[in-house]
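Spelled out, the chains give:
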Amino acid sequence: MKHPLTVLLLAGLLLPETTFAQMMGAADTPAEIDPINEGEEPLIRLNKDDPSYDVWRKMRDDLSSGREPGPINVQRYVGGFPWVGIPTFFHLPVALTPADLKAGEVEVAIFGAEMYNGMRVQSYGPMEMRAPMKSEIYHMWGAFTMPELDSGLAALEELTVVDYGDAPVHPLSMEKSIPEVRRMVAEVAGVELENGKRTIPIIIGGGHVLMYPDAAGLADVYGKGNLTIVHFDAHADQAPVGFGVFNTHGNPVRKLVEEGLVNGEDIIQIGLRGPNSTDMNGVAWNRSAGLRYHMMAEIERRGWQPVVDDVLAEARANGKPLFLSFDIDVVDPAFIPGTSTPEPGGLYMREVLPLVRRICAENNLVGMEIVELRPERDPGYTSVLNSKAVLRQCLNGIAMAKNGLPDNYLHTDLVDDGK
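Residues numbered from 1 in each chain as written. Predicted model: local features only at pLDDT ≥ 70, side-chain atom pairs only at ≥ 80, totals over all residues. Heavy atoms only, no water.

Novice: So what's going on with the overall build of the chain? Which residues, and what values?
Specialist: In terms of helices and strands, the chain carries 14 helices and ten strands. Buried positions account for 55% of the 419 residues belonging to the chain. Within the chain, residue pairs in contact and separated by at least 24 positions form 76% of the contacts whose partners lie at least 6 positions apart. For the chain, the accessible area works out to roughly 18600 Å², and carbon and sulfur atoms hold 55% of it. (Helix = DSSP H or I, 4+ residues; strand = E, 2+ residues; numbered from the N terminus. Buried < 20%, exposed > 50% of the residue type's maximum accessible area, 1.4 Å probe, protein only. Contact = heavy atoms within 4.5 Å. Areas by Shrake-Rupley, 256 points an atom, 1.4 Å probe, with all protein chains shown as cover.)

Encoded structure:
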């Protein structure tokens, strides 16, 4: 559904108010032209006299009142039982400001960003990822946190991880939301820790339009052209058209490359398939921009392991900081049906999880996103459960890197006489 014509009709594109007024024959109303960023050409006609104009991004001025900077544990009990307590990601402590991240030496900050147009079409993906279910009893943060069998590590005990809330998102406009998400990503990634590393932002979304502000925010911190992106997706996300709208969930890759924020040869795509990503114009653009891409057709012909070996080698090749963009529709919809653009014939969870773990363990990971989660399209809990498993394995990989475990490590107790 990310076809240049089809998906962009369904993505909830925001046209200027004047366009709608002219279409309906309505008279102009008093308003001001509002640029998205200072110095940019005005894009949206908005009424700044509306008392709700800026409320969506107005922060409380008492976030730190009556407390010292640092993460706040909002859970009453040490047990970490999933059916008890205030929902946060994995029942983790909360941080509200960069000062909290700095004071707490926070290594990973997880936050949400919806990025779907319209209040009625929000997926509540970040909130559902926070919602505890009894299937999580063995990996909730707290006294009963259990280690992962593959690494032998309990990532949430090895790392300092917090729930950083949600990015400010305009209820009706992606164009207004994008600069705010970009600033929040840069805000988190800009926190330097005592060991010289920076806090890693992990963003839970929301439409894949997020890839643009997420990667741009990281480029603001680490430098333009100094980022590798490993992009899991059924779709290439480089649509050349958008009915005049600059940002859609079908074009973030093209925008990042054409704006010089990320070099084409530093983008590695995995899992492309279906009629949306294999049109010849799209393949030609990928090749001309220097992208490296691994379609499902290649996996079917060569086998999974040779492709994995290539992906890992390509991710390490330039030594640049790495951003992992994980669109859950890369997974076959038998495992994750709750997504905006399901495409049959995708990866299996048993293929995805070890690869995500290795990417996060064997590279200088500086950010991650999990996008296109729409739990309301899944009558069960499968989509959220498997999306959390992806997140958990990335955290597992970060913990492995922190502990200096070798590449492709498996805990010795799992290996029986070398088998």
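Text resumes after the structure shown.
Novice: Can you explain the packing of aromatic side chains? Please cite residues and give values.
Specialist: A complete count under the given rule lists three aromatic pairs for this structure. Ring plane angle 65° and centroid distance 6.4 Å describe the contact between Phe111 and Tyr164, whose orientation is recorded as edge-to-face. Here Tyr164 lies in strand β4 (residues 161–166) and Phe111 lies in strand β3 (residues 108–113), a separation of 53 residues in the sequence. On the accessibility criterion, Phe111 (0% relative accessible area) is buried. (Phe/Tyr/Trp six-rings, centres within 6.5 Å; stacked < 30°, edge-to-face > 60°.)

Novice: Describe a nonpolar patch on the surface, listing the residues and the values that go with them.
Specialist: Together, Leu149, Leu410, Leu414 and Val415 line one region of the surface with nonpolar side chains, adding up to about 370 Å² of accessible area. Along the polypeptide, Leu410 turns up in the segment after α14 (382–402). The class of Leu410 is partly exposed, set by a relative accessible area of 41%. (Patch = residues over 30% accessible without salt bridge, like charges linked within 9 Å, V, L, I, M, F, W, Y side chains within 5 Å. Salt bridge = Lys/Arg side-chain N within 4 Å of Asp/Glu carboxyl O.)

Novice: Quick rundown of the sheet that holds strand β10 (residues 365–371)? Include the residues and the values.
Specialist: Taken together, the eight strands give an open sheet; going across it, the order is β4-β3-β5-β10-β9-β6-β7-β8, and neighbouring strands pair in parallel fashion. Since the sheet does not close on itself, it has two edges, and those belong to β4 and β8 (292–295), each with one partner. Across this sheet, the average inter-strand angle for adjacent strands is 15°, counted without regard to direction. Of the strand pairs in this sheet, strand β6 (residues 228–232) and strand β7 (residues 267–272) are connected by four bridges, and their pairing is parallel. Bridged to Ile229 within β7 is Ile267. (Pairing = 2+ DSSP bridges. Axes fitted to C-alpha atoms, helices over the stretch in contact; angles between N-to-C directions.)

Novice: Provide a residue-level description of the packing of helix α13 (residues 349–362) against α14, including the pertinent values.
Specialist: Between α13 and α14, the shortest axis-to-axis distance is 7 Å and the interhelical angle comes to 30°. Between α13 and α14, the crossing angle belongs to the class labelled roughly parallel. Between α13 and α14 lies a crossing of right-handed hand. Listed contacts from α14 to Met349, Val352, Leu353, Val356, Arg357, Cys360 and Ala361 of α13 are Asn386, Ala389, Val390, Gln393, Cys394, Asn396, Gly397, Ile398, Met400 and Ala401. Residue classes in the contact of α13 with α14 are distributed as twelve nonpolar, four polar and one charged. (Parallel < 35°, antiparallel > 145°, perpendicular 65-115°, else oblique. Left-handed = near helix turned anticlockwise from the far one by under 90°. Nonpolar A, V, L, I, M, F, W, Y, C, P; charged D, E, K, R; others polar.)

Novice: Please set out the state of the cysteines residue by residue, giving values where relevant.
Specialist: For the structure shown, the criterion picks out one disulfide. Paired through a disulfide, Cys360 and Cys394 show a sulfur-sulfur distance of 2.3 Å. When the S-S torsion is -95°, as for the bridge of Cys360 with Cys394, the disulfide is left-handed. Taken together, the residues span a long stretch of sequence, with Cys360 in helix α13 and Cys394 in helix α14 at a distance of 34 residues. With relative accessibility at 1%, the residue Cys360 sits in the buried group. (Disulfide = S-S within 2.5 Å.)

Novice: Can you tell me about the pattern of salt bridges, naming the residues and giving the values?
Specialist: Here the structure, examined in full by the defined rule, presents 21 salt bridges. A salt bridge links Arg57 to Glu180, with the nearest nitrogen and oxygen atoms 2.8 Å apart. Taken together, the positions of Arg57 in the loop between β2 (44–46) and α3 (98–103) and Glu180 in helix α6 (residues 174–189) put the pair 123 residues apart, joining distant regions of the chain. On the accessibility criterion, Arg57 (27% relative accessible area) is partly exposed. Across the pair Glu376 and Arg374 runs a salt bridge, and its minimum N-O distance is 2.8 Å. Look at Arg374 and you get buried, because its relative accessible area is 7%. A network of salt bridges, in which partner residues are shared, links Asp54, Arg57, Glu180 and Arg183.

Novice: So, the environment of Ser325: which residues are in play, and what are the values?
Specialist: Position of Ser325 among the secondary structure elements: in strand β9 (residues 322–327). Under the relative-accessibility criterion, Ser325 is labelled buried at 0%. Residues Ser325 and Asp233 lie 92 residues apart in sequence; the distance between their C-alpha atoms is 8.4 Å. Excluding residues that lie within four positions of it along the chain, Ser325 makes contacts with His208, Met211, Ile229, Val230, His231, Phe232 and Glu369. Reaching out from Ser325, the side chain makes a polar contact with the side chain of Glu369 at a distance of 2.4 Å. (Polar contact = N/O pair within 3.5 Å; in protein donor to acceptor, adjacent residues only side chain to side chain.)

Novice: Summarise the packing of helix α12 (residues 304–317) against α13; cite the residues concerned and give the values.
Specialist: Running from N to C, α12 and α13 cross one another at 20°; their axes reach a closest spacing of 11 Å. When the axes of α12 and α13 are compared, the pair comes out roughly parallel. The way α12 lies across α13 gives a crossing that is right-handed. The segment α12 lies against α13, with Trp304, Val308, Leu312 and Arg316 engaging Glu351, Leu355, Arg358, Ile359 and Glu362. A breakdown of the residues in the contact of α12 with α13 according to their chemical character gives five nonpolar, no polar and four charged.

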